[in-house]
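Structural overview
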Amino acid sequence: MVSSPTRYLVFFQYFGTKYSGVMETSNDQSMVGVQNYLEKAAQNLKPVVPIKFCISSRTDTGVHALCNSAHLDIQRAPGKPAFSEKQLVYSLNYHLKPEPIRILNAYRVTNSFHARFSALSRTYIYRLLMGCTHYSEIPVFERDLCWAPTGGYLNVPAMQDAAQFLLGTHDFSTFRSLNSETPFQSPVRTILQADIRPSSGFLSQHYEHRGLEFWELKFRSRSFVYRQVRRMVGALVAVGQGKLTPHHIKELLEIKDSRAFPSNAMAPPSGLFLKSVEY
């Protein structure tokens, strides 16, 4: 008699610089997805059926995750008990060892649970570094983990005023990049949180004399359209640089056209982190 599979929800993190994003890609590419490594590690558990990770939240090439999530079904050979949550975390991490990917927690869930559709909200943070007049001034320990916009310091109060226009339910067509799924997805999203606050850098207490400032932009919503966070950050930075006014953010929302987004204003992926997925 074949035993029924056990479904787990796993939370995991990764340093995204070397991956083509979180989603699975064909293995012949020079960069592959985090999912490729997760599923390769899972096959070492010797399941009866190959294990597929159903990822809750897509992230692009170079984007990091402090905590992403996925569900997976594991069917073991007859007579073998289901893995305990602790066993699953330990075993997957053992086989992920060479990669900057870590399983944080695992929970047994019902078979009707879905990592993507059961999520109540997702929180992203974007790390900005101010005070650099040239990219060579970025601390080596912060490379690929923040964005240092040219021109040094930004007008943070103006950025905070502009961020208020993003709160609530809007058509975010101007703030999404186009991809193959765009025609099938609604551009309407509800932003529950849009904060800009001072932050700390890695080992920053050791180079305080350099006058560098770290800031964190935090956005929370049930879901986001394609590249929405990077476009919102880029537009807010343009406000901070004086290229746009806070009211321009409201106007961009009202235009509802991705082609109206200022050219070259999208923030790079390196400063973006998926902070958490809430259930």
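Within an unreviewed UniProt entry, the label attached to the chain reads tRNA pseudouridine synthase, and the organism entered is Aptenodytes forsteri. As stated in UniProt under Sequence similarities (unreviewed entry), the record for the chain gives "Belongs to the tRNA pseudouridine synthase TruA family."

**Points about the environment of Thr 174**
Along the polypeptide, Thr 174 turns up in the loop between strand S6 (168-171) and strand S7 (188-199). Each C-alpha atom of the pair Thr 174 and Arg 259 lies 7.0 Å from the other, and the pair is 85 residues apart in sequence. Reaching out from Thr 174, the side chain makes a polar contact with the backbone nitrogen of Lys 256 at a distance of 3.1 Å. Only 3.0 Å separates the side chain of Thr 174 from the backbone nitrogen of Asp 257, close enough to count as a polar contact.

**Considering helix H1 (residues 34-43)**
Counting buried positions over the ten residues of H1 gives seven, a clear majority of the element. Every buried residue belonging to H1 is among Val 34, Gln 35, Asn 36, Leu 38, Glu 39, Ala 41 and Ala 42, and all of these are buried. Considering only its buried residues, H1 is in contact with strand S1 (6-14), strand S2 (54-55), helix H2 (85-95) and strand S4 (101-109).

**Points about unusual backbone geometry**
Its identity is not glycine, yet Asp 144 carries a phi of approximately 70°, on the positive side. Here Asp 144 is to be found in the loop between strand S5 (121-130) and helix H3 (156-163). If you check the backbone angles, Arg 227 has positive phi at about 60° while not being a glycine. Mapped onto the elements, Arg 227 comes out in the loop between strand S8 (213-221) and helix H4 (228-240).

Basis of the calculations
- Residues numbered from 1 in each chain as written.
- Predicted model: local features only at pLDDT ≥ 70, side-chain atom pairs only at ≥ 80, totals over all residues.
- Heavy atoms only, no water.
- UniProt positions renumbered as here; feature names shortened; annotations may be inferred.
- Helix = DSSP H or I, 4+ residues; strand = E, 2+ residues; numbered from the N terminus.
- Polar contact = N/O pair within 3.5 Å; in protein donor to acceptor, adjacent residues only side chain to side chain.
- Buried < 20%, exposed > 50% of the residue type's maximum accessible area, 1.4 Å probe, protein only.
- Contact = heavy atoms within 4.5 Å.

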